[in-house]
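These are the residues of each chain, in order.
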Amino acid sequence: MQIRPAAVLLGAFLGSVSAQTWCGKNYMASSPVVPPGGQFPVPAVSSKPLLAFRCAPAIKPYLPEDVSSPAGILIDTFVTNSEIAGAEPIDIPALGELGEVLVTVSVDGHELVTGGVVPLNATKVELPFSLAGLKPQKAAFNVSCSATYAPLGAKAQTFKSTAALSFLPDPPAGRSVTKMDLRTGALLAKPATGKGGSYEPVLPTGFYTNFDGYLASNISLVDQIKAEGFTVLHPIPTFDNLTALAEVVQRMEEVGIYLMYDMRWIYMNLTGLAEEVNRIKDSPALLLWYTGDEPDGTSDPLNATTLAYDLIYELDGYHPVSLVLNCQDYFWTEYTAGTDIVMEDVYSISNNVTWSVEWDTPCTPDYGDCGCDNCKGSLQDISDRLDEFAFRLWVNGWDRTKAMWGVPQGFGAAEYWPEIPTGKQWVAQSVLSINHGALGVVSWAAPTTDDITNSASVLAGSLSALTQYIASPGAEFQHVLAGQVDVGLWTVGAKTLVLATNLANESAAFDLGSVRGLEAAGARQVLDSGASIQGQKVVFEPTGSGGFVLG
Ligand SMILES: *[C@@H]1O[C@H](CO)[C@@H](O)[C@H](O)[C@H]1NC(C)=O
Ligand SMILES: *[C@@H]1O[C@H](CO)[C@@H](O)[C@H](O)[C@H]1NC(C)=O
Ligand SMILES: *[C@@H]1O[C@H](CO)[C@@H](O)[C@H](O)[C@H]1NC(C)=O
Ligand SMILES: *[C@@H]1O[C@H](CO)[C@@H](O)[C@H](O)[C@H]1NC(C)=O
Ligand SMILES: *[C@@H]1O[C@H](CO)[C@@H](O)[C@H](O)[C@H]1NC(C)=O
Ligand SMILES: *[C@@H]1O[C@H](CO)[C@@H](O)[C@H](O)[C@H]1NC(C)=O
Ligand SMILES: *[C@@H]1O[C@H](CO)[C@@H](O)[C@H](O)[C@H]1NC(C)=O
Ligand SMILES: *[C@@H]1O[C@H](CO)[C@@H](O)[C@H](O)[C@H]1NC(C)=O
């Protein structure tokens, strides 16, 4: 997030300041209501069924070391009436089984997959292929996918799609590689120390962390943050003292904590961006890049995130790119085009989301800034936002190739937000995000209260247990909302991870018996932020959360 100039301060200059906007909306009492535009279109509904045939590699990028084992192409065959990206009319039988399609995947006429059988209306069906016939190169391969549907007695129909397959040469000596597992959206990385090890899924948990006056003046804080169990550290720029920056990054390598490198102030200056990417790209601690910080809030040029993304890939190419969007619905596609990971920073704790205390105006879909764009003023604003992001990713055909992360509110007593969240509220935000598809939580901002730090550390401590389920390509996911209890269930084999949070500020219970096949007996608790199992029920304190492995 970014700190906007306070009303009081600006008031003095109002005469000379031109109208300012946030999410494209005027927010100063002196400015008129002007619709912001940039809304994500509602997909048209077709009267005929459509097939959205899509393909994507299972891993991005592949490396020469991957040649010895099968690589994978993920196939989606959604049958829908929504006119989403790539959807084409399909004649399906009025009755009975939908049947399957036969899939061919090729690069420059070289067939990677022939006759792959994929059921119609399926998702993430992985077809194995060999990289052996391809020579690694910097530019992504253009993959052509085609699907033929020939139900008995009907004319064959063919559908086409494309994908970018990244099969890179080995990185320069010393440079780390962060892969994305597009089956789950999770990152895969070797240890941040650079001393070897295997690729493991990482569900990053940590904080945007003050640099000047904090990390830069006490390097031992890096050790402390690692000891608290956090896996990622996101220093907040500016980084005026490059010696101090180098020392902090080096200490991160020594203790083995991943770096999320923030270029918010420079990402639109491609000369400066190049300098920073070249400065940092060879640190083994580097997990991923971060460009725009609420670029939609400040209405950065619509091509800004993509221009930065392309340059980062040109200069590095071995680490994904992230950014955070603050607006509910403002040029989402344009800004998200320039990222691999789109984060949301919905801050809805304690602020008045319909009346701006900073600007003394109402907040509506066309006007005002209340610190949470188009929010209702509850924790569900977070899950609503992630659900919208997930829907838009699907509509745009980006649901395999881009992932979502959350930014829990770890601050308050400032600007729009009179209260600082409690530690339990912090965990509730995080669990809610994860249950709605976030594969990382990086909170604004450290240092924060001991209550939040301790609770966040408890969540971080549970991550290795959670990761085995959430980042498992074989997991079957179910979501349940029971009253104000939000539950995510990941089943791998005979075991199920139950991750649950009570969004209400009062006690609650969730009956595990309400989910078919679940048995509380023998449950192992892996996260305790005010929840426990009693009999067949998970019992929650107000805004309590818990994680349990059943089976
Ligand atoms: C396709 O799958 C979805 C989700 O499982 C389901 O709701 C829908 O009815 C299916 N469509 C057809 C035509 O079977
Ligand atoms: C893939 O296609 C794009 C767009 O047509 C093109 O710019 C790019 O050069 C192609 N990449 C390769 C490796 O052929
Ligand atoms: C630096 O941080 C460490 C770890 O939190 C702390 O123990 C130490 O007191 C700090 N030193 C100073 C000078 O603030
Ligand atoms: C920059 O950081 C280094 C290392 O922490 C420190 O020795 C130096 O005094 C700092 N320079 C300035 C101008 O603050
Ligand atoms: C862009 O960054 C370069 C390199 O840091 C700097 O020299 C230049 O002044 C910057 N340009 C603008 C317009 O800020
Ligand atoms: C990016 O968009 C801006 C307008 O917002 C335009 O001036 C600029 O030329 C564009 N840059 C490129 C490289 O397309
Ligand atoms: C928000 O502020 C308005 C105006 O002061 C007030 O009427 C309303 O009750 C407040 N809403 C909440 C949820 O506090
Ligand atoms: C939750 O309820 C308690 C007890 O009624 C109250 O003190 C506290 O302010 C409430 N917290 C929130 C965030 O509403």
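Residues numbered from 1 in each chain as written. Chains lettered and ligands numbered in written order. Predicted model: local features only at pLDDT ≥ 70, side-chain atom pairs only at ≥ 80, totals over all residues. Heavy atoms only, no water.

**Regarding the side chain of His436**
Here's step 1: Following the sequence through the fold, His436 ends up in the loop between α8 (423-435) and β24 (438-446).
Here's step 2: Assessed through its relative accessible area of 12%, His436 is described here as buried.
Here's step 3: Polar contacts involving the side chain of His436 include one to the side chain of His479, which spans 3.2 Å.
Here's step 4: Excluding its chain neighbours within four sequence positions, the residues that come into contact with His436 are Ser383, Leu386, Asp387, Met404, His479 and Asp486. (Helix = DSSP H or I, 4+ residues; strand = E, 2+ residues; numbered from the N terminus. Buried < 20%, exposed > 50% of the residue type's maximum accessible area, 1.4 Å probe, protein only. Polar contact = N/O pair within 3.5 Å; in protein donor to acceptor, adjacent residues only side chain to side chain. Contact = heavy atoms within 4.5 Å.)

**So, the sheet that holds strand β6 (residues 87-89)**
Backbone hydrogen bonds are what pair the strands of a sheet, in a parallel or an antiparallel way.
Here's step 1: Taken in spatial order, the 4 strands of this open sheet run β6-β3-β5-β9, and their pairing is antiparallel. In the strand order of this sheet, the two ends are held by β6 and β9 (125-129), each with one partner. Averaged over all pairs of adjacent strands, the angle between their axes in this sheet comes to 30°, without regard to strand direction.
Here's step 2: Here 9 bridges tie strand β3 (residues 45-57) to strand β5 (residues 71-82), and the two strands are oriented antiparallel to one another. Paired with Pro57 across the strands is Ile73, a residue of β5. (Pairing = 2+ DSSP bridges. Axes fitted to C-alpha atoms, helices over the stretch in contact; angles between N-to-C directions.)

**Some points on the site of ligand 3**
Here's step 1: All residues in the neighbourhood of ligand 3 are listed as Asn218, Ser220, Leu221 and Gln224.
Here's step 2: Interatomic distance of 2.3 Å between a side-chain N/O atom of Asn218 and an oxygen atom of ligand 3.
Here's step 3: Contact with the protein chains removes 34% of the 360 Å² of surface that ligand 3 exposes when unbound.
Here's step 4: Taken together, the residues of the shell around ligand 3 break down into 1 nonpolar, 3 polar and no charged. (Near = heavy atom within 4 Å. Areas by Shrake-Rupley, 256 points an atom, 1.4 Å probe, with all protein chains shown as cover. Nonpolar A, V, L, I, M, F, W, Y, C, P; charged D, E, K, R; others polar.)

**Topic: the pattern of salt bridges**
Here's step 1: For the coordinates displayed, the defined rule picks out 18 salt bridges.
Here's step 2: Note that Asp340 is salt-bridged to Lys60, the shortest N-O span being 3.1 Å. In this pair, Asp340 sits in the loop between α6 (332-337) and β20 (341-344) while Lys60 sits in strand β4 (residues 59-60), placing the two residues 280 residues apart along the sequence.
Here's step 3: By relative accessible area, Lys60 is classed as partly exposed at 21%. (Salt bridge = Lys/Arg side-chain N within 4 Å of Asp/Glu carboxyl O.)

**What about the domain arrangement of the protein?**
Here's step 1: Segmentation of the protein into domains returns domain 1 (45-165), domain 2 (178-470) and domain 3 (476-550).
Here's step 2: Computed from C-alpha atoms alone, the centre-to-centre distance between domain 2 and domain 3 is 27 Å.
Here's step 3: Together domain 2 and domain 3 conceal approximately 1,900 Å² of surface at their shared face, both sides included; 69% is due to carbon and sulfur atoms.
Here's step 4: It is Lys424, Asn435 and Tyr469 that lose the most area in domain 2 upon contact with domain 3, and together they represent 38% of the buried surface on that side.
Here's step 5: Where domain 2 meets domain 3, there are 1 salt bridge.
Here's step 6: The shortest N-O distance in the salt bridge between Glu541 and Lys424 comes to 3.3 Å.
Here's step 7: Joining domain 2 to domain 3, the criterion identifies 6 residue pairs in polar contact (both at pLDDT 80 or more).
Here's step 8: Only α8 and α9 (450-470) provide two or more residues apiece to the side of domain 2 that touches domain 3.
Here's step 9: Looking at side-chain class alone, the side of domain 2 that touches domain 3 contains 12 nonpolar, 6 polar and 1 charged residues. (Domains from an automatic or database assignment. Buried area = accessible area lost by both parts, 1.4 Å probe.)

**Some thoughts on the packing of helix α2 (residues 220-227) against helix α3 (residues 242-255)**
Here's step 1: Look at α2 against α3: their axes get within 9 Å of each other, and the N-to-C directions meet at 35°. Here α2 and α3 pass one another in a crossing that is right-handed. Contacts between α2 and α3 pair Ser220, Val222, Asp223 and Lys226 from the former with Val248, Arg251, Met252 and Val255 from the latter.
Here's step 2: Residues of the contact of α2 with α3, tallied by class, amount to 4 nonpolar, 1 polar and 3 charged. (Left-handed = near helix turned anticlockwise from the far one by under 90°.)

**Some points on empty space enclosed by the protein**
Here's step 1: On inspection of all chains with the given rule, the structure shows 3 cavities of 30 Å³ or more.
Here's step 2: One number sums up the size of the largest cavity: a volume of about 60 Å³.
Here's step 3: When grouped by side-chain class, the residues that make up the lining of the largest cavity number 5 nonpolar, 4 polar and 1 charged. (1 Å grid on protein atoms, 1.4 Å probe; cavity = no way out; pocket = protein on both sides within 12 Å on 5 of 7 lines; lining within 4 Å. Points joined across faces, edges and corners; volume = space filled by probe spheres on them.)

**Focus on the site of ligand 5**
Here's step 1: If you check the shell around ligand 5, you find Asn269, Gly272 and Glu275 and nothing else.
Here's step 2: In this structure, Asn269 approaches ligand 5 through a side-chain N or O atom, which is 2.3 Å from an oxygen atom.
Here's step 3: Between an oxygen atom of ligand 5 and a side-chain N or O atom of Glu275, the distance comes to 3.3 Å.
Here's step 4: Burial of ligand 5 by the surrounding chains reaches 33%, relative to a free accessible area of 360 Å².

**Re helix α4 (residues 270-280)**
Here's step 1: Those residues of α4 that fall on the buried side of the exposure criterion are Gly272, Leu273, Ala274, Glu276, Val277 and Ile280.
Here's step 2: Looking at the buried residues of α4, the elements they touch are α3, β17 (258-262), β18 (286-293) and α5 (304-315).

**Points about the state of the cysteines**
Here's step 1: According to the stated counting rule, one finds 4 disulfides in the structure shown.
Here's step 2: Paired through a disulfide, Cys55 and Cys145 show a sulfur-sulfur distance of 2.1 Å. Looking down the S-S bond of the Cys55 and Cys145 bridge, the torsion is 95°, so its handedness is right-handed. In this pair, Cys55 sits in strand β3 while Cys145 sits in strand β10 (residues 141-149), placing the two residues 90 residues apart along the sequence.
Here's step 3: Among the residues examined, Cys55 registers a relative accessible area of 8% and is labelled buried.
Here's step 4: A residue is classified by how much of its surface remains accessible, and Cys145, at 2% relative accessible area, is buried.
Here's step 5: What pairs with Cys363 in a disulfide is Cys370, and their sulfur atoms sit 2.0 Å apart. Disulfide Cys363-Cys370: the torsion about the S-S bond is 100°, which places it as right-handed. Neither Cys363 nor Cys370 differs from the other in exposure class; each is buried.
Here's step 6: Cysteine pairing for the protein (bonded cysteines numbered in sequence order): 1-4, 2-3, 5-6, 7-8. (Disulfide = S-S within 2.5 Å.)

**Things to note about unusual backbone geometry**
Here's step 1: Lys60 connects to Pro61 through a cis peptide bond whose omega is -5°.
Here's step 2: The omega torsion across Trp444 and Ala445 is 0°, close enough to zero to call that bond cis.
Here's step 3: Structurally, Ala445 is set in strand β24.
Here's step 4: For Asp108, which is not a glycine, the phi torsion comes out positive at approximately 50°.
Here's step 5: Classification of Asp108 by relative accessible area gives exposed; the value is 74%.
Here's step 6: Phi at Glu294 takes a positive value of approximately 60°, unusual for a residue other than glycine.
Here's step 7: For Glu294, the position within the fold is in the loop between β18 and α5.
Here's step 8: We classify Glu294 as buried; its relative accessible area is 1%.

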